[in-house]
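Residue-level listing of the chains:
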Amino acid sequence: MRSRTPTALWFLAIVGAVFVSLPLIALLLRAPWGDIATSLSGAGAGAALRLSIVVSLTATALSILLGVPLAWILARTRVPGRSVLRALVVLPVVLPPVVGGIGLLAALGRGGVVGRWLYDAFDVQLTFTTWGAILATTFVSMPLVVLATEAGLRSIDVRYEQAASALGATPRYAIRRIVLPMLGPQLAAGAVLAWARALGEFGATITFAGNLAGRTQTLPLAVYETRLTDPGGAIFLSLILVVISVVVLVVMRDRITQAA
Amino acid sequence: MGLHADFTAHRGTFDVDIELDVDDGEISALLGPNGAGKSTVVDALIGTLTITEGAIEIDGERVDRLPPEERPVGVCFQDDLLFPRLSALENVAFPLRARKVAKEDARRRAGQLLDRLASAVDPDARPRSMSGGERQRVALARALAPEPRLLLLDEPFANVDVSARPGLRSLVREVAATFGGATVLIAHEPLDALTLATRVSLIEAGRITQSGTPDEIRSSPRSAYAADLVGVNLFTGTLSPLEDGGAVLSTSNGDIVVAPDRAVVAGTDALASIRPIDISLHAMEPEGSARNVFQGEIAEVAIDGERARVRLATRPPLTAEITAASVARMELRPGIDVWASFKAVEVSLQIEDDDGSTVAAGTLGR
């Protein structure tokens with residue numbers, strides 16, 4: 001039976017819906033569509049889009065490479081201090097990204113704890129480089145992979161791994177043939193979320209890697225800078241991000257319903 | 001050759017200390033209630049739990065220090081544990097692929113095993129779409145694929161529909177006799193253990209409390225638990241339908257009336273069981289609705305606390321459980337004649353299906 005809905009609830013819900021959708025509609029209304037060609041063909045937009053794609057995809061790959069093993073340790077081992085480890089790993093989800101950027105500077109900046117040694121010994125400088133942008137982005141996206149993967153691993157009965165080893169599989173073979181395929185949907189969901197997060201990353205990147213066109217200026221940074229000189233161009237750049245986000249949402253919804 | 005296991009294993013504060021010897025071609029059943037330590041034994045034999053004392057030898061070689069993947073053990077797990085993302089064929093090929101057998105070769109051998117053990121299963125089907133019985137058949141094929149020396153069957157009938165059990169049971173019997181190694185059957189239902197195994201060991205609280213042939217254990221259970229567990233009256237025979245929907249089960253030593261839940265064809269094999277507690281004893285011929293009435297001499301009266309088990313030399317032989325007070329009141333003792341009765345509907349019945357997938361003798365192996 002459907003419950004009856006009070007009028008006040010209807011009213012507030014409509015206000016909420018308008019509030020969320022209005023900015024998106026306004027972007028479409030306010031875009032100077034006549035200038036679309038010149039705005040998007042400017043060197044800045046193309047370079048920012050390309051860089052965004054490179055940075056977000058590399059950061060997602062790094063997040064999977066490091067995040068899945070971390071999730072495994074958290075879900076499948078009894079290392080002491082696991083709860084502390086989990087808290088640390090997940091912290092970037094709630095941490096203001098700018099704080100992450102400051103932390104990265106303190107650690108990996110030219111004068112940082114590790115960064116100084118990297119610079120002195122190997123002449124490696126991460127700040128103001130594309131790798132710096134990638135690391136800053138990975139810092140904020142990886143926790144999403146860890147969270148999704150750990151939840152996925154917990155939902156997989158450990159006895160499948162025991163069965164695999166009793167049937168002759170080494171632990172590594174069991175993970176590759178049995179666990180990873182079973183983990184597929186959750187891992188994919190985590191990766192898509194991490195990628196979406198990476199694509200929108202702003203605070204940690206601008207703080208740690210700076211805002212250098214072609215090197216560290218990803219789309220969100222370009223939106224921020226373009227807005228000062230070319231508000232119409234900023235709207236088009238924003239719309240690119242909106243379109244990508246909508247696509248991600250649609251893909252994710254299918255993923256989630258498939259997994260369920 | 002076969003399995004020789006004599007070990008102690010710990011899980012938390014619980015410990016298991018058992019001895020188990022099984023010859024090639026034989027089925028030895030380990031029967032016990034939940035929590036008795038059966039799964040600890042399984043884990044120790046598989047190698048997911050390290051034993052603390054003693055040894056596990058297969059064909060005279062120590063395997064207890066080997067990691068699970070290096071032991072020559074094939075396992076059918078409780079809940080089958082077929083890998084959900086692999087097809088039936090890929091599941092059976094898995095142990096071969098894990099041992100670096102080339103893909104084509106592994107798939108070919110897996111296909112042959114599936115053909116013999118689970119011909120009704122589509123090799124490309126995922127476990128989710130199979131019935132419980134089909135899944136256990138695939139699991140059995142998967143356990144046999146690497147040509148193990150020890151076959152470990154952990155409650156293989158637990159999730160299998162009653163109608164599919166007889167076929168699976170004869171398949172297990174066939175496989176155990178022909179695959180070449182020893183078989184250990186873990187069970188908490190006495191029926192499977194008593195009908196399949198040549199030797200039964202009862203496990204209680206981590207210790208084997210009694211060990212012997214099914215007949216030895218059934219005729220002289222040493223504890224109240226053993227009596228409960230194995231004291232069930234078992235009959236095997238062929239059915240002939242009666243006009244009123246019932247049927248007569250003819251055993252090699254007497255007939256009983258049963259109540260099948262569907263029409264039966266004359267000559268169908270069946271397995272019937274009646275619990276001792278469902279059998280009543282009478283000093284004189286009873287009047288009433290019970291369709292099974294037998295007269296016979298008392299062979300043995302075993303009193304255990306307030307309960308008593310009475311063995312009767314009737315045809316077929318029966319064991320009844322009554323109160324010790326009744327024994328005293330009726331002055332029951334070996335040698336005197338009594339009447340026993342039970343209702344046809346109290347008899348639980350398993351009818352063998354005409355199951356074409358039951359393996360024929362001698363077809364196993366590569």
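Novice: Even after reading the chapter, I still don't get the overall build of chain B, so can you show me in this structure?
Specialist: Scanning chain B for helices and strands turns up 9 helices and 20 strands. Against the 2.2 N^0.38 benchmark of 21 Å for 366 residues, chain B shows a C-alpha radius of gyration of 22 Å, consistent with a compact globule. Each of the three principal axes of chain B carries a C-alpha extent, and together these read 70 × 50 × 30 Å. Considering chain B as a whole, with its 366 residues, one finds that 44% of them fall into the buried category.

Novice: Mind showing me how you'd approach the sheet that holds strand β12 (residues 247-251) of chain B here?
Specialist: Strand-to-strand pairing in sheets goes through backbone hydrogen bonds, with the strands running parallel or antiparallel. All names here are of chain B. If you walk across this open sheet you meet the 5 strands as β13-β12-β11-β14-β20, and the pairing is antiparallel. With one partner strand each, in any of the chains shown, β13 (254-258) and β20 (348-351) form the two edges of the open sheet. Adjacent strand axes in the sheet meet at a mean angle of 35°, parallel and antiparallel pairs treated alike. Bridge count between β12 and β13: 5 bridges; the pairing is antiparallel. By the bridge assignment, serine 250 is partnered in β13 with aspartate 255.

Novice: Even after reading the chapter, I still don't get the interface of chain A and chain B, so can you show me in this structure?
Specialist: By a widespread convention, an interface's size corresponds to the accessible area lost as its parts come together. Taken together, the contacts link 14 residues of chain A with 17 residues of chain B. For the side of chain A that touches chain B, the elements supplying multiple residues, two or more each, are α8 (158-166) and α9 (171-200) of chain A. Residues of the side of chain A that touches chain B, tallied by class, amount to 9 nonpolar, 4 polar and 1 charged.

Novice: Looking at this structure, how should I read the nonpolar core?
Specialist: Where a protein is soluble and globular, its nonpolar side chains tend to be buried together. Residue and element names in this part refer to chain B. Residues Ala29, Val92, Leu114, Ala141, Leu152, Val184 and Leu185 are the most contacted members of the largest nonpolar core, which totals 133 residues. Discounting residues that sit within four places of it in the chain, valine 92 has contacts with Ala110, Leu113, Leu114, Val138, Ala141, Arg142 and Ala145. Counting residues in each nonpolar core, the second largest holds 26 residues, with Leu249, Leu281, Phe342 and Ile351 among its members.

Novice: Looking at this structure, I do not really get the sheet that holds strand β15 (residues 280-282) of chain B. What am I missing?
Specialist: Residues and elements named next belong to chain B. Taking strand neighbours across the sheet as the criterion, the 5 strands line up as β15-β19-β16-β17-β18 in an open arrangement whose pairing is antiparallel. The open sheet has two free edges, formed respectively by β15 and β18 (318-323), since each of these has just one partner strand. Recorded for the sheet is a direction-independent mean angle of 45° between the axes of neighbouring strands. Pairing of β15 with strand β19 (residues 337-342), which is carried by 3 bridges, proceeds in the antiparallel orientation. Residue pairing in the sheet places leucine 281 in a bridge with alanine 340 of β19.

Novice: Can you help me understand helix α5 (residues 165-178) of chain B in this one?
Specialist: Residue and element names in this part refer to chain B. For α5, which comprises 14 residues, the first-to-last C-alpha distance of 20 Å matches the rise-based estimate of 20 Å (1.5 Å per residue) to within 8%. The set of residues buried in α5 consists of Arg165, Gly167, Leu168, Arg169, Leu171, Val172, Val175 and Ala176. Immediately downstream of α5, the backbone of glycine 180 shows phi near 110°, a positive value.

Novice: Would you take a moment to explain the confidence of the model for chain B for this structure?
Specialist: Interpretation of this model should avoid reading the predicted coordinates in detail wherever pLDDT is low. All names here are of chain B. With 93% of its residues at a pLDDT of 70 or more, chain B has an overall mean of 85. A low-confidence stretch, residues 355-366 stays under pLDDT 50, and its non-local contacts, those more than four residues away or across chains, total 23 contacts. This complex was scored by the predictor with a pTM of 0.74 and an ipTM of 0.75.

Conventions used here
- Residues numbered from 1 in each chain as written.
- Chains lettered and ligands numbered in written order.
- Predicted model: local features only at pLDDT ≥ 70, side-chain atom pairs only at ≥ 80, totals over all residues.
- Helix = DSSP H or I, 4+ residues; strand = E, 2+ residues; numbered from the N terminus.
- Rg over C-alpha atoms; globule rule 2.2 N^0.38 Å.
- Buried ≥ 20, exposed ≤ 12 C-beta atoms within 10 Å, placed from the backbone.
- Pairing = 2+ DSSP bridges.
- Axes fitted to C-alpha atoms, helices over the stretch in contact; angles between N-to-C directions.
- Contact = placed C-beta atoms within 7 Å.
- Nonpolar A, V, L, I, M, F, W, Y, C, P; charged D, E, K, R; others polar.
- Core = buried A, V, L, I, M, F, W, Y, C linked by C-beta atoms within 7 Å.
- Expected span 1.5 Å × (residues − 1).
- pLDDT = per-residue confidence, 0-100.

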